[in-house]
Each structure stands twice: as structure tokens, then as C-alpha cells.
Amino acid sequence: MEFNHFSGTIPISFGKLQKLQALALSGNVLSGEIPSTLGNLTQLYELYLSDNQLEGTITSSLGNCQNLHLLDVGNNELIGIIPQQIIALPSLSITLNLSQNSLMGLLPPEIGNLKSISALDVAGNNLSGEIPETIGACLSLETLHMQGNFFQGHIPSSIASLRGLQRLDLSSNNLTGNIPKELEKLLFLQYLNLSFNNLEGEVSIKGVFSNASAFSVAGNTNLCGGISEMKLPACPFKQRKHKRSPTVIILTTTVTSFLFLMMIASLLCVFHWRKSRKNPSSTPFIMDSLPQISYNELLHATGGFSSDNLIGQGGFGSVYRGILDRDGGKLVAVKVLNLQQHGASKSFIAECKALRNIRHRNLVKILTYCSSIDFKALVFDFMENGSLDTWLYQEGNGNTQVQNLNFLRRLHIAIDVSFALLYLHDDCEAPVIHCDLKPSNILLDNEMTAHVGDFGLSKLLSKTINNSSQGETSSIGIKGTIGYMAPEYGIGSEASASGDVYSLGIILLEMFTGKKPTDEMFTSGLNLHNFVKAKIPGQVMQVVDPKLELGDNNVQKCIVSILEIGLACSAEQVGERMNMRDVTRKLNIIMDAFRRGRPDSLRQTN
């Protein structure tokens, strides 16, 4: 319900929605307090309340939401202290956004409990006191925004423990003392803002401090040194009190160097010995919250990777059906990478990065993984009804009970896929571009709910993603699949959300025409897009899949509207394509019109 014009208070009756997993109310004009009844939503995974006019304190009852991974109450009118019950939620692993409110008091030292949090934003409040040293225990932090408060004291040296930190903003506070030299060792730090504090001493010239466009220390009048672009005064020259003789210096240097080299050699030997003995994961960045599984367990689960359990093969490996003893005989799908295939390791890393923090009912859920030097595999929920491709064309499916997909089921699947893409593009902390959307990567569970899978070519983009061709990530190596791949990828354009939109448009046309984009009829400039466009709307029955039973005029009008969305998504020019929020909205309008038998309401999709 986000980004509408809802006003009034949040209904306390929302607390009765016991199975609710996500509640999004951001971008409205809601007022009043956050109801304490939201603490009854013990299965809640994500709560978005930002950009409203909410008042009062943050209810401590949210501490009962032990499955909460994301809490966003930024840009409201909230007051009071930060409840320890919120800070103590170890489940928070994606985002905690309390920014742009009027919160006061200290940042509780219990902040160190958020060991898996990826982004923490408390900017623009009235917080005071020292930044707790325990912040260094938040080892998964990638973004830390604390600007615009009244923090004082020194910058905690423990921040240097946040090895994955990418953005740090401590500007406009009352911080004093030296800038911790250890910050230069944060290899992934891309943005550092320490401006308008009372910092003093020498500014480093290494790490992030070597790039003038990556950091700012403006408004700290007692700083010196740094790179020339910063135009800071030179630091005072410190003269040595004792002058050592050249002989002592040479001897000391020689002995120290020898001992240092011996220590390094010993460490390297120990490292290689342990690596050969334990064969540890070569991808340490992988999802910390998931347990690893051993090769022997997977070998047992799949019957020795028996051909009888082989359920699919792709460009980078094979997928096997398996039964996990550790989960009480749970049926799973095991994707084993063929490491001899060029690009397979990169595919594994791309899929791990994409799946690290994403959870959605229309995405295939990852359960565990196995990673060693010579074997890599991902384990997913098993999808009982196979792929959309199989259902559309009935190829290789041994289930004799399988029937053709009717209109309503196809529309449900289209809506499921659109929700998945909307989540990936707009609602992830780090937006994800799938890059290889096609019917064989859309899997169906036992209730025929669609789940998008196979992120082997996916790209992570910055939060500034837009729907133009100006993506944030190079498309070098993107191949996709002929027929579904956006035409701009073929000339080297970068990965973008609109590329996925194009693929979805082709899939919509394929689902309701029964024609693959690679059908042999498409030659001499004719393609699936042009084939449908030439028949819309008056001759639509000439292109509709003959397997569909079109009993009334209402269904025909719905199909015309769906095909028009497919055409708009698969436009050759990037700027002419729809965005996923509009696609999802219009598909839901079609569903509503079909259910109510009111085709006239479809004018809203135009």
C-alpha cells in the first residue's frame, strides 16, 4: 500500500494479521502513533513505514517480531529514545532505518547485537553521547549513516573491524580527536564523509584517503596533511630526540627484516597446510546466515548424483532432485556447477551475491550451499510442478495428469513473475538485475505459484538504479538467452532493469500466443513482437494460443490488454518500455476485471 495518499492512523487491527510477512505503508500521509499491536506480527519479515507523518515513540513491542529482517521508519516525526528491544533484535539483517526523525538520547551499546545488519541509518536525529565501540561487532555492515546528530567523543577505532563497509557518513556531529588511521585499511570503502566536526591531526593519504572524490573532511579546522587536492596545511615537523648511528640502524633493519620474512613464510606454510587439509570455502562472502552442507551429505541426498535424479541441465551445470536427511527428509533441488565450464565459477559467485539478502514468495528460496575448491553447489526448495516452459509445451514431463494452462492460471503466473521483478528492481537493498529471465527459469510449486530462479548471470546495482540503459554495472560477459535477451545487450549496452522488462514482455507474448520467440516462423525480419503487434486488437484471435479456451468476450478483452502490456514491455527502444511498478499494477487491474466480469474497467490499463 506504499506511495499512495492514505491518511489517518495505522489500524490497530493490522495486529490480527498473524501470518503477515511484509507490510509496506511508506510514502503516504499517515499520522498518529505506530500501533503496539504490530508487535503481534511474529512472522513479520519486513516493515516499511517511512515517509509519513507518524508521531510518538517507536513502540518497543516490535521487539516481539523475532523474524524481522528489515525495519524502515525513516522520515517521520518520531520522538523519544531508540528502544533497546529493537536494537536487540538479532534477526535484523537487511536494514534498520531510523533517519530523519527527532529521536534523542544515546545510541544503545546493544547495537553490537546486530551482527548481520547490512545497512544502519540514524541520520538527522537528536542523538547524543559517544558512538559505542560495540558498533565494530556489526561485521556485516556495508552502509553506516550517522550524520546530522550530536554525537561527541572520538571516532571508535572498532569501525576498522567492519571490513565490508562501503559507505560511512559521520558528518555534522561534534566528534573530536584524530581520524583513526585504521580507516585506510577498509578496502571496500567507497564513500567517507567526516566533514563539520572538530577533528584534528594528520589525514592519511592511503586507502579511501587517496581519492579526493571519495571522502570529505571539510569544516574540521585542525586537520593537516592529506593529499594535495584537499589543500590542508602541512603537519608540524616532528624532530627525533635521539640520533642512532648508521651501524645500529643497518643492524636493526637487517634483523627485523629477517624475522619478518621468517614469520611470513611460516604463516604461508600454515595457511596452505590448513587449506589442503580442510578445503575451506573459496567464497567467504557467501550468505553468513545459511549453514553450509558437506559434499558427502549432497552425495547421499542425490543417490550419488544419480542420473535417475537428474531433473535439468543448464549452461553452467546440472540440477538433481535430492532428499536432505538433516531436514527430516525434505525434498530439494541441488544445482551442481560444472567448474570445467568457462564462467561457471563467476556464475556461482553472481548467484550467491544475488541471493545473499533477497527473500520473496515469488523467488526460489535458497536453503544451503556447498563450496570448496573443486566443488560448488546450491540447494533450493524443490518445485514440484517444474518449469513454465514444460507446462507451455509439455516437453519431457512424465506426469500424465498435467493439463494445459488455462487463462486464469497463466495470468496468475504473469502476476507472480511481475511481483518478483518489482521486488528485485525496486525493493532490494541492493537492486538485482536477473539478466536471463525465460520460461525455463520460472518454476512452479505444488500450488502452481510461480518462482523466479537461476540468478547465475545476475548483476547487483547501486540503489540509484533507473529504468534507462544507463546502468551501474558493466554488461561484459552477459549472454542471456537468444529471443529473450534485450536487443541493446547485443551491442554491448550495460545491464539495466529495462533489460529484464524486455524479457518479461516476450514471456507475456509467448504465454498467451503459444509461440516461442525462436519459432522457425520468425524469419526475414519477422519476430514475436511484430507478429502480435500486427494483429492487435481486431485480429487478436489469429495469434492467441489455440490451447486456451476463450469462452466469452471478457476473456478476449483481457488477453488483448495483456498482449498490449507485453508489446509495451518488449519495445525495441529502451525509453519506450514500461517500468515494473506499472506492469504489476496493470496486470492486477486485468485480474480484477476478469474476476468481476467487467471488461469495461480495462480502460485503466491503457
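Residues numbered from 1 in each chain as written. Predicted model: local features only at pLDDT ≥ 70, side-chain atom pairs only at ≥ 80, totals over all residues. Heavy atoms only, no water.

**Here's the deal with the sheet that holds strand β5 (residues 70–72)**
Keep this limit in mind: Any two strands with at least two DSSP bridges between them are considered paired. Helix and strand definitions here come from DSSP, where helices need a minimum of 4 consecutive H or I residues and strands a minimum of 2 consecutive E residues; each element is numbered from the N-terminal end.
An order of β2-β4-β5-β7-β9-β11-β13-β15-β17 is seen for the 9 strands of this open sheet, with the pairing classed as parallel. Two strands in the sheet have a free side with no partner beyond their single neighbour: β2 (22–24) and β17 (215–216).

**Details of the pattern of salt bridges**
To keep it simple, the criterion reads: In the sections that follow, a salt bridge refers to a side-chain nitrogen of Lys or Arg positioned within 4 Å of a carboxyl oxygen of Asp or Glu. Classification of residues uses two cut-offs on accessible area relative to the type maximum, computed with a 1.4 Å probe and protein chains only: under 20% is buried, over 50% is exposed, and between them is partly exposed.
One pass over the structure, following the stated rule, counts 9 salt bridges. Between Arg581 and Glu2 there is a salt bridge, and its shortest N-O distance comes to 3.6 Å. With Arg581 in helix α10 (residues 580–596) and Glu2 in the segment before β1 (7–9), this residue pair connects regions lying 579 residues apart in the sequence. According to the relative accessible area criterion, Arg581 is partly exposed, its value standing at 32%. Relative accessible area serves as the criterion here: at 18%, Glu2 is assigned to the buried category. Note that Glu488 is salt-bridged to Arg577, the shortest N-O span being 2.8 Å.

**Focus: the environment of Met230**
Examined against the element boundaries, Met230 turns out to sit in the loop between β18 (222–225) and α2 (246–278). Between the C-alpha atoms of Met230 and Ala212, which are 18 residues apart in sequence, the distance is 6.8 Å.

**Some points on the pairing of strand β22 (residues 366–371)**
Burial analysis of β22 places 6 of its 6 residues in the buried class, the great majority of the element. Pairing analysis gives 5 bridges linking β22 to strand β23 (residues 376–381), with the strands arranged antiparallel. Looking at β23, one finds that Tyr369 is bridged to Leu378.

**Some thoughts on the sheet that holds strand β10 (residues 126–130)**
Here we have 7 strands laid out as an open sheet, ordered β6-β8-β10-β12-β14-β16-β18, and parallel in their pairing. Each end of this open sheet is capped by a strand with a single partner; those strands are β6 (79–80) and β18. Bridge analysis of strand β16 (residues 198–203) against β18 gives 4 bridges, and the strand direction is parallel. What sits directly across from Val203, in β18, is Gly225.

**Observations regarding unusual backbone geometry**
A cis amide bond links Ile536 with the next residue in sequence, Pro537, at an omega value of -5°. Positioned with a positive phi, Ser172 is a non-glycine residue whose angle comes to about 55°. The residue Ser172 is located in the loop between β13 (167–169) and β14 (174–177) in this model. Owing to a relative accessible area of 37%, Ser172 belongs among the partly exposed residues under this scheme. For Phe305, which is not glycine, the phi torsion reads 55° and is therefore positive. Relative to the helices and strands, Phe305 resides in the loop between α3 (295–301) and β19 (310–313). Classification of Phe305 by relative accessible area gives buried; the value is 16%.

**Section: the UniProt feature "binding site: ATP" (unreviewed entry) in the protein chain**
Convention followed: UniProt positions are given in the numbering used here, feature names are shortened, and annotations may be inferred rather than shown by experiment.
Per the UniProt record, the feature "binding site: ATP" (unreviewed entry) sits at Lys335. Relative to the elements of secondary structure, Lys335 occurs in strand β21 (residues 330–337). Lys335 sits in the buried class, given a relative accessible area of 12%.

**Looking at the packing of aromatic side chains**
Threshold: Note on ring pairs: Phe, Tyr and Trp rings are taken, using the six-membered ring of Trp, and paired if centres are within 6.5 Å. Classes follow the plane angle, with under 30 degrees stacked, over 60 edge-to-face and the rest tilted. For a Lys NZ or an Arg CZ to count as sitting over a ring, it must be within 6 Å of the ring centre and within 35 degrees of the ring normal.
Within the structure shown, the criterion is met by 8 aromatic pairs. Plain terms: the ring middles of Phe209 and Phe215 are 5.3 Å apart, the flat faces sit at 70° to each other, and that makes the pair edge-to-face. Residue Phe209 is classed as buried on the basis of its relative accessible area, which comes to 1%. Residue placement shows Arg167 over the ring face of Tyr191; its charged tip is 4.3 Å from the ring centre. Between the NZ or CZ atom of Lys516 and the centre of the ring of Tyr393, over which it lies, the distance is 4.6 Å.

**A closer look at the side chain of Ser91**
Convention followed: N or O atoms within 3.5 Å of each other form a polar contact, as long as, within protein, one can give a hydrogen and the other can take it, and as long as residues adjacent in sequence are counted only when both atoms are side-chain atoms.
Its location among the elements puts Ser91 in the loop between α1 (84–87) and β7 (95–97). A distance of 2.6 Å separates a polar side-chain atom of Ser91 from the backbone oxygen of Leu68.

**A closer look at the side chain of Asn173**
For the record, the criterion: Contacts between residues were defined by any pair of non-hydrogen atoms, one from each residue, lying within 4.5 Å.
Along the chain, Asn173 turns up in the loop between β13 and β14. In terms of polar contacts, Asn173 uses its side chain to reach the backbone carbonyl oxygen of Met146, at 3.1 Å. Excluding its chain neighbours within four sequence positions, the residues that come into contact with Asn173 are Met146, Gln147, Gly148, Asn149, Phe150, Phe151, Phe196 and Asn197.

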